Structures are given as C-alpha cells and as structure tokens.
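# Observations on chain architecture
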Amino acid sequence: SGSPRPRLTFLGTGYLGATYAICFAELGYEVVGFDVDEAKIAKLSAGSVPFHEPGLDELLRRNLASGRLRFTTDYAETAEHGDVHFICVGTPQRADGMGADLSYVEAAVSGLSQHITRKALIVGKSTVPVGTAEWIEQLVGKHADPELGIEVAWSPEFLQEGFAVEDVLRPNRIVVGVKTDWANSMLFAAHKGVFDLAATEDREVPMVVTDFATAELVKVAANAFLATKISFINAMAEVCEVAGADVTQLSKAIGYDPRIGNRFLQAGVGFGGGCLPKDIRAFQARAQELGAGEALRFLHEVDLINLRRRTKVLQVAADLLGRRFGPAGPDLSGTKIAVLGATFKPNSDDVRDAPALAVAALLRKAGADVHTYDPQGNENAARALPTVTYEDSMNAAVQDADLVCVLTEWAEFRNADPVALGEIAKGKKVIDGRNCLDNTAWVAAGWEYRGMGRP
Ligand code: UGA
C-alpha cells in the first residue's frame, strides 16, 4: 500500500533527474540519484551541480549534508533503495532527425529491473513517444522476477530551465498515467510533499489521473502548443515586417484577451533548447507512425516559421551593412559583427539548438568576423561552434564592431548603456533579435535600430 513516505530514486542525473532528486530530498524524501556517468555522480556527490540552475547548488549541499540524498552508479544499490523509481534519462533526437532514441530508457529500465527484489513502481518521466509506457511494462516483464508484481506508471514533467526548482517544488499540476489503484496511491504518496507544501501556502496542486497514453501525450501536447504559440507570433512578425506594423504592440494587444494570454507571445529569433524543437519533430514522426500524420502537419510549418527567423537576422544584417544577397547568401566578408548571447534563453548555460548560436554560425559562414559573448554560455558555445571568436565581456565583443546583434535577452544586454557602447563600436547599427532593448534610448544614442517584426 502507499506508505506516507516511499523511498525514491531518480535514474539519469542530467538536468531533469538531478533537479528532481535534489528537490524531493528537500521535500523530506529519502532519495538516491543514479547515473552511469561516474564523473557526473562524483561531481554531484561532492556537492556541485554539473549545469547552471539558479538555487540548485545550495539545495544539493544542504540535502547531501542532511543524509537524505546520495548518488550512485550502482543499479543494485538503486534497486534496493527505491519504492518508487523515476526514469529521467535523456531521449535524444534519433540520427534520422525525427524520432526519439529510446536506448537510454531501455538501458535504465532493464538495468534496474534485474536488481529489484521487492514490489516497486517504475515511473517514466522522460519525454517519449506515446506508447513507451506499454513498452516499458514489457521490458520490465522480461527482466524482473514476475513474482514481485513490479508496476509501471507515467508522470510527465513540465520544468522550464531557469525556473526548475520552483517548477518541481510548486508545479501547476501533477499528471499521472496509471493502471491500478496501487500505482495511483504510490504516486500520490510520492508527491505528498508537494501537496503538503502547497497546503502550507494556501495553494492547491491539481492532480490529473489518467491512462498511460494520455499522460504521455500531455507532455508533447503542451510543448507543441507552446512552440505553436511562439511561431504564431513570429508569423505575425513576418506579416508586420511587410505591412509596416509593430508586432510587439500587436502581441501586447491580443495578449490582453485572457483566452489568448500574453505569455509565450514574444516575437524574436524563435525558440530553441533541448525540448521544443526536438519534441515537435518527434511528435510528428510518432503521429505519422500511428496514422495521424495529417493532424500534426501544422507542426512542420511551426518548425519552418521558427527556422526562418534565423535567416531573417542574416538578411537584416546584410541590409544594414549594405551587402547584397548573392545566390549563396550575402557576402559579409570584411565586416566585424558582435553577437551578444549564445544560450537558447537567458539564465541558462544551455546552447542546444540555440537560435543565437545558429545565427552566429550563419553570419560566420557568410564571411563575417564574428565576436560572441554570453554571460554563462561561452564555454558550451565554444564546443558547439568553434569557428567564431568568444570574448570575456560585452565591451570586448562590441569593440570596433560594424554591427551588434542581441540574440539572447540577458539582463546585462537589456540594461546596457547605448551611449557607452556607441563610443566603442565602429558602426552604430544594432539588430534586436529579441525585441528586448529600449529602442527609443538606442535611437536617441544615434544607433540605427532594427527589431524583429517592427518598422
Ligand atoms: C520548455 C517548456 O517551456 C517546459 O514547460 C518543458 O518542461 C520543457 O521545455 C521540457 O520539455 O523539458 P525550456 O526548454 O526550458 O522549457 O524553455 P522555454 O522557457 O520554454 O523556452 C523555449 C524557447 O522559446 C527559448 O529559446 C525562448 O527564447 C523561446 N521563447 C519563449 C520565445 O522565443 N518567445 C516566447 O515568448 C517565449
């Protein structure tokens, strides 16, 4: 039966698993985090989070000290500890670019199941194609002792990088896909800390209990909706550009309608990161396999609109620098361009599928001398895109530049002084790829300003 405080494990201590492991220890659970990567486990055990997430380091150290949290590379130890095991390993994009690669899920589930010696619940959390929970059930059946009656469930997560601690401790909903009352009550117990915290703050966290397929779909549907919302406003930006309208005001005006809402309605260089782009592609591939490809054809368009924003920056750059577009794109040789931002969004060091980095690559390919600066992302960016120059400060990047492109809306860039930057730049031309600058102030300081979807 669902004991009030089941012991938890999280398999895969990447971004998702590490954050959950640490936050659930903070909520009072006895937690083990597992990973096959010894270096990662050593780092976490020593009290250091291997990625950038505000507030997480402190929680890690506190909970290691409390004895409620430990990390291991040993399946047997993980199996022995847990009443509820959460699978949080990565599901990267397959080499063919569309579907999801489930080999890490398979390794984690089979590695764990072989060592389990009592009834337990295995809960999938990674973003996966619908149907994966059923497949995991079969995997468990193949590897575990059938006498134990190990069960499977699904519980998607919705955390946003930069807000992950809050999103785990104070989620706006908990979704579980289950087949039995036992699994349901175990999952309720495994989240009781979240419900209790909410109660002390006079909030309620709704819990949606459903079947496997629905729980799996909730996750991709949510991300598909968010991606669509962003591409919608970027499509409006394209129309604004030819109509001489201002998408920032349009966005504000339609966002006042609560049925539309103003969040995730910022036009710019589009969405990136490890989730939205990959998820909408994998979702299309899965729908196609299931015979509902047509239903998600619009997501292909969402993807194209998003990618078009990157080329748009290249076009505006060529335009501002007085360069013509040849058949192979513009020739930007002999120009120096400052690219401010490399991460896919501020307050993160994540450069996966980052629009800023993609644009930097396009500018470089067109022959420009590109100098990039990102407050947190330089190191990851240099590994992903070694062909541009990385600078240690905004000023170093802007020094003698013919053009400045702001592509990630870090506060440091939003608050930058256009007068001071104007003194060190060579050409006072700026592309505001996130519509995040105070355009009046920049224009007043003598800059030629170009936003996205603005006259
Ligand atoms: C996204 C979802 O927001 C989370 O709910 C989900 O759990 C997560 O993916 C996941 O699947 O794990 P995340 O990738 O951290 O979270 O990033 P977002 O904050 O959603 O931003 C995604 C991208 O959209 C960024 O590049 C951001 O700059 C861009 N964006 C966002 C816009 O261009 N305009 C907006 O109005 C909002």
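Residues numbered from 1 in each chain as written. Predicted model: local features only at pLDDT ≥ 70, side-chain atom pairs only at ≥ 80, totals over all residues.

## Describing the overall build of the protein chain
Quick note on the threshold: Secondary structure elements follow DSSP: runs of H or I of four or more residues count as helices, runs of E of two or more count as strands, with numbering from the N terminus. A radius of gyration in this sense is built from C-alpha atoms; the matching globule rule multiplies 2.2 Å by the number of residues raised to 0.38. Any residue with 12 or fewer other C-beta atoms within 10 Å of its own C-beta is exposed, any with 20 or more is buried, and the rest are partly exposed; the C-beta atoms used are placed from the backbone. With C-beta atoms placed from the backbone, a contact is any residue pair whose C-beta atoms sit within 7 Å.
A count of helical and extended segments in the protein chain gives 19 helices and 16 strands. Against the 2.2 N^0.38 benchmark of 23 Å for 455 residues, the protein chain shows a C-alpha radius of gyration of 24 Å, consistent with a compact globule. For the protein chain, the spread of C-alpha atoms along the principal axes amounts to about 75 × 50 × 45 Å. Burial status across the protein chain gives 47% buried among its 455 residues. Intrachain contacts of the protein chain at a sequence separation of at least 6 include 70% that bridge at least 24 residues.

## Here's the deal with the sheet that holds strand β16 (residues 448-451)
The criterion, for reference: In this analysis, strands are considered paired if DSSP registers two or more bridges between them. Each axis is a line fitted through C-alpha atoms, and for a helix only the stretch in contact is used; angles between axes span 0 to 180 degrees, taken between their N-to-C directions.
Read from one edge of the open sheet, six strands run β13-β12-β11-β14-β15-β16, paired in parallel fashion. The open sheet has two edge strands, β13 (389-390) and β16, and neither has a second partner. Taken together, the five bridges between strand β11 (residues 336-340) and strand β12 (residues 369-373) define a ladder with parallel strand orientation. Looking across to β12, one finds that Ala 338 is bridged to His 371. Sheet strands touched by helix α14 (residues 355-365): β11, β12 and β14 (403-406). Its angle to β11, the strand with the most contacts, is close to 175°.

## Focus on the site of the ligand
Note the cut-off: A residue counts as near a molecule or strand when its C-beta atom, positioned from the backbone, falls within 6 Å of it. Only Asp, Glu, Lys and Arg are considered charged, only Ala, Val, Leu, Ile, Met, Phe, Trp, Tyr, Cys and Pro nonpolar, and every remaining residue, Gly among them, polar. How far each domain reaches was decided by an automatic or database domain assignment.
In the neighbourhood of the ligand, 20 residues make up the surrounding shell, with Glu 161, Gln 266, Phe 271, Gly 273 and Cys 275 lying closest. Looking at which element gives the most residues to the shell around the ligand, the answer is helix α10 (residues 212-243), with three residues. Of the residues that constitute the shell around the ligand, the class distribution is 10 nonpolar, eight polar and two charged. Built from parts of two domains, the shell around the ligand gets at least three residues from each of domain 1 (8-209) and domain 2 (211-455).

## As for the UniProt feature "domain: UDP-glucose/GDP-mannose dehydrogenase C-terminal" (unreviewed entry) in the protein chain
Selection rule: UniProt positions are given in the numbering used here, feature names are shortened, and annotations may be inferred rather than shown by experiment.
UniProt tags residues 338-439 as "domain: UDP-glucose/GDP-mannose dehydrogenase C-terminal" (unreviewed entry). Helix makes up 34% of residues 338-439 and strand 18%, whereas the separation of the span's terminal C-alpha atoms amounts to 18 Å.

## What about the pairing of β12?
To keep it simple, the criterion reads: Classification remark: right-handed applies to a crossover when, strands pointing away from the viewer, the course from the first strand over the helix to the second runs clockwise.
Counting buried positions along β12 yields four of five residues, so the element is predominantly enclosed. You can see the chain leave β11, run along α14 and come back into β12, and the turn it takes is right-handed.

## Remarks on helix α11 (residues 247-255)
The condition that has to hold: By construction, the arc corresponds to the directions joining the helix axis to the C-beta atoms.
Of the residues making up α11, those classed as buried are Val 247, Thr 248 and Ser 251. One side of α11 holds all its buried residues, which, seen down the axis, span an arc of 105°. Residues of α11 that are exposed and point over 90 degrees away from its buried face: Gln 249, Lys 252 and Ala 253. Next to the buried residues of α11 lie α10.

## Thoughts on the nonpolar core
Rules: Buried Ala, Val, Leu, Ile, Met, Phe, Trp, Tyr and Cys residues form a nonpolar core when they are connected through C-beta atoms within 7 Å.
In terms of nonpolar packing, the biggest core is built from 137 residues, with Ala 317, Val 339, Leu 340, Val 359, Leu 363 and Cys 405 touching the most fellow members. If you tally residues by element for this core, the top one is α10, at 12 residues. Of the domains in this structure, domain 1 (8-209) and domain 2 (211-455) are the two that each give at least three residues to this core.

## Considering the domain arrangement of the protein chain
Taken domain by domain, the protein chain comprises domain 1 (8-209) and domain 2 (211-455). Put simply, the middle of domain 1 and the middle of domain 2, counted by C-alpha atoms, are 33 Å apart. Domain 1 puts 24 residues into the contact, and the matching count from domain 2 is 24 residues. Counting only elements with at least two residues in the side of domain 1 that touches domain 2, the list comes to α6 (132-143) and β7 (174-177).

## Quick word on the environment of Leu 217
Mapped onto the fold, Leu 217 is located in helix α10. Sequence separation between Leu 217 and Tyr 20 is 197 residues; the distance between their C-alpha atoms is 21 Å.

## Quick notes on the pairing of strand β2 (residues 31-34)
On a regular strand, one side chain projects to one face of the sheet and the next to the other, so that they alternate. Every second residue of β2 is oriented toward a common face, with Val 31 and Gly 33 on one face and Val 32 and Phe 34 on the other, all of them buried. The sheet contact formed by strand β1 (residues 8-11) and β2 spans four bridges and is parallel. Bridge pairing links Leu 8 to Val 31 in β2. The sheet contact formed by β2 and strand β3 (residues 69-72) spans four bridges and is parallel. By the bridge assignment, Gly 33 is partnered in β3 with Phe 71.

## Some details on the packing of helix α13 (residues 297-320) against α14
Put simply, the test is: Small angles under 35 degrees read as roughly parallel and large ones over 145 as roughly antiparallel, with 65 to 115 read as roughly perpendicular and the rest as oblique. Take the far helix as the reference: if the near one is turned anticlockwise from it by less than a right angle, the crossing is left-handed, and if turned clockwise, right-handed.
Put simply, α13 and α14 touch, their axes get as near as 9 Å, and they point 45° apart. Here α14 runs oblique to α13, going by the angle between their axes. In the crossing of α13 with α14, the sense of the turn from one axis to the other is right-handed. Taking contact as the criterion, the partners of Arg 309, Arg 310, Val 313, Leu 314 and Ala 317 in α13 are, on α14, Pro 355, Ala 358, Val 359, Leu 362 and Leu 363. Here the contact of α13 with α14 is composed, by residue class, of eight nonpolar, no polar and two charged.

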